[in-house]
Amino acid sequence: MQVNDIHPLRPDPAEFIRIQERLAKQIDVSRPLRREDLRTVAGVDLAYGGEGESETGFCHVAVFDAATMQVVERAEAIGKIEVPYVPGFLTFRELPLIAAAAEKLETVPDLFLFDGNGILHPRRMGIAAHASFFLGKPAVGVAKTYFKIAETEYEEPEREKGSCTDIKVGGETLGRAVRTSAGVKPVFVSPGNGINLDSSTELVLSLTGPESRLPVPVREADISTRRMRRNWEEEQRLSP
DNA sequence: GCGACAG
DNA sequence: ATCTTGTCGC
């Protein structure tokens, strides 16, 4: 698929906030997007290996047919990680490999699901929001742990599946704590761009099976990412 | 100095 | 994210 060619990820910390603030003005979280509108949905995730100077990232994009929930295509990218993880700037660490993997896709997914936040971010530019601009497609963020912004705590949803509580920061509802399975810890859903919060929540619930608290596409990418690392470590061992 | 901190 | 064994529970 075609990925926007503007390269926003020069590892220049002084530019990070400026880039986020510029893109944040273009976010659109007003569009409803139903599952019936989707032919394909992609899950994206990364795993890490190596250490220090040789830290390596393994990115996997798993594309599912939204109707049959069968994998229709996969794309991967492996590369050296140049940027350290700093809360609030996850995008700059992971997007280079995500873009590299996405470019290899033949299919253009109708929606991307990310492991991380969308607009539930200090500057509304979590990885799902940021990546959406480069992919040119709607994206939703699904985080496994809560990222507190502006001193805002989240309210625990009821124990039953499907329960959720809005996360409101300064009068603006940025995301939702969503119980994707009874009794398990909630996930934190926020639209990235090109989709609204209600649709994001409905899709995450609809795409989550009983085997995990995460949507199937994200879970698949997560598992695949560790398989990539195992295979890579094995071939490193055989031919140093 | 101390605690907090998506992945 | 990653480092790591067993263990409690359905």
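Residues numbered from 1 in each chain as written. Chains lettered and ligands numbered in written order. Predicted model: local features only at pLDDT ≥ 70, side-chain atom pairs only at ≥ 80, totals over all residues. Heavy atoms only, no water.

Novice: Tell me what's going on with the environment of leucine 23, and back it up with residues and numbers.
Specialist: Among the structural elements, leucine 23 can be located in helix 1 (residues 13-24). For leucine 23, a relative accessible area of 6% puts it in the buried group. On a C-alpha basis, the gap between leucine 23 and methionine 125 in space is 7.7 Å, while along the polypeptide they are 102 residues apart. Non-local contacts of leucine 23, meaning those with residues more than four positions away in its chain, are made with Met125, His130, Phe133 and Phe134. (Helix = DSSP H or I, 4+ residues; strand = E, 2+ residues; numbered from the N terminus. Buried < 20%, exposed > 50% of the residue type's maximum accessible area, 1.4 Å probe, protein only. Contact = heavy atoms within 4.5 Å.)

Novice: Give me the lowdown on helix 4 (residues 197-206), citing residues and values where you can.
Specialist: What helix 4 keeps buried is the set Leu197, Ser199, Ser200, Thr201, Leu203 and Val204. The N-cap of helix 4, judged by a side-chain oxygen 3.2 Å from the amide nitrogen of aspartate 198 a few residues on, is asparagine 196. (Polar contact = N/O pair within 3.5 Å; in protein donor to acceptor, adjacent residues only side chain to side chain.)

Novice: I'd like a description of the UniProt feature "site: Interaction with target DNA" (unreviewed entry) in chain A, backed by residues and values.
Specialist: UniProt records the feature "site: Interaction with target DNA" (unreviewed entry) at Tyr85, using the numbering of this structure. The residues contacting tyrosine 85, other than those within four sequence positions of it, are Leu90 and Arg93. (UniProt positions renumbered as here; feature names shortened; annotations may be inferred.)

Novice: Tell me about helix 3 (residues 127-135), and name the residues and values.
Specialist: Here helix 3 lies mainly inside the structure; nine of its nine residues are buried. Here helix 3 has its buried residues at Ile127, Ala128, Ala129, His130, Ala131, Ser132, Phe133, Phe134 and Leu135. Those residues of helix 3 hidden inside the fold are in contact with helix 1, helix 2 (90-103), strand 4 (111-115), strand 5 (139-143) and strand 8 (187-193). After helix 3 finishes, the residue glycine 136 shows a positive phi value of roughly 70°.

Novice: Tell me about the environment of alanine 150, residues and numbers included.
Specialist: One can find alanine 150 in the loop between strand 5 and strand 6 (164-169). For alanine 150, a relative accessible area of 61% puts it in the exposed group. On a C-alpha basis, the gap between alanine 150 and proline 122 in space is 7.3 Å, while along the polypeptide they are 28 residues apart.

Novice: How would you summarise the nonpolar core if you had to cite specific residues and measurements?
Specialist: Residues Cys59, Val61, Ile98, Phe112, Phe114 and Leu135 are the most contacted members of the largest nonpolar core, which totals 46 residues. Setting aside residues up to four positions removed in sequence, phenylalanine 114 forms contacts with Val44, Ile98, Ile127, Ala128, Ala131, Leu135, Ala139, Val140, Gly141 and Val142. Membership of the second largest hydrophobic core comes to 17 residues, among which are Leu38, Ala66, Val140 and Val218. (Core = buried A, V, L, I, M, F, W, Y, C linked by side-chain atoms within 4.5 Å.)

Novice: Let's hear about the protein's contact with DNA strand C: which residues, and what values?
Specialist: Around DNA strand C sit Ala47, Tyr48, Lys144 and Arg229, and those are all the residues in its vicinity. Between DNA strand C and tyrosine 48 there is a distance of 3.4 Å, counted from a phosphate oxygen to a backbone nitrogen or oxygen. Partitioned by chemical class, the residues of the surface near DNA strand C number two nonpolar, no polar and two charged. (Near = heavy atom within 4 Å. Nonpolar A, V, L, I, M, F, W, Y, C, P; charged D, E, K, R; others polar.)

Novice: How would you sum up the sheet that holds strand 1 (residues 40-49)? Please name residues and give values.
Specialist: Hydrogen bonding along the main chain pairs the strands of a sheet, whether they run parallel or antiparallel. Ordered by their spatial adjacency, eight strands build an open sheet running 3-2-1-4-5-8-7-6, and the pairing between neighbours is mixed. The open sheet has two edge strands with one neighbour each: strand 3 (71-80) and strand 6. For this sheet, the mean angle separating the axes of adjacent strands, direction not counted, is 25°. The sheet contact formed by strand 1 and strand 2 (residues 56-65) spans 10 bridges and is antiparallel. The residue bridging aspartate 45 from the neighbouring strand is histidine 60, located in strand 2. (Pairing = 2+ DSSP bridges. Axes fitted to C-alpha atoms, helices over the stretch in contact; angles between N-to-C directions.)

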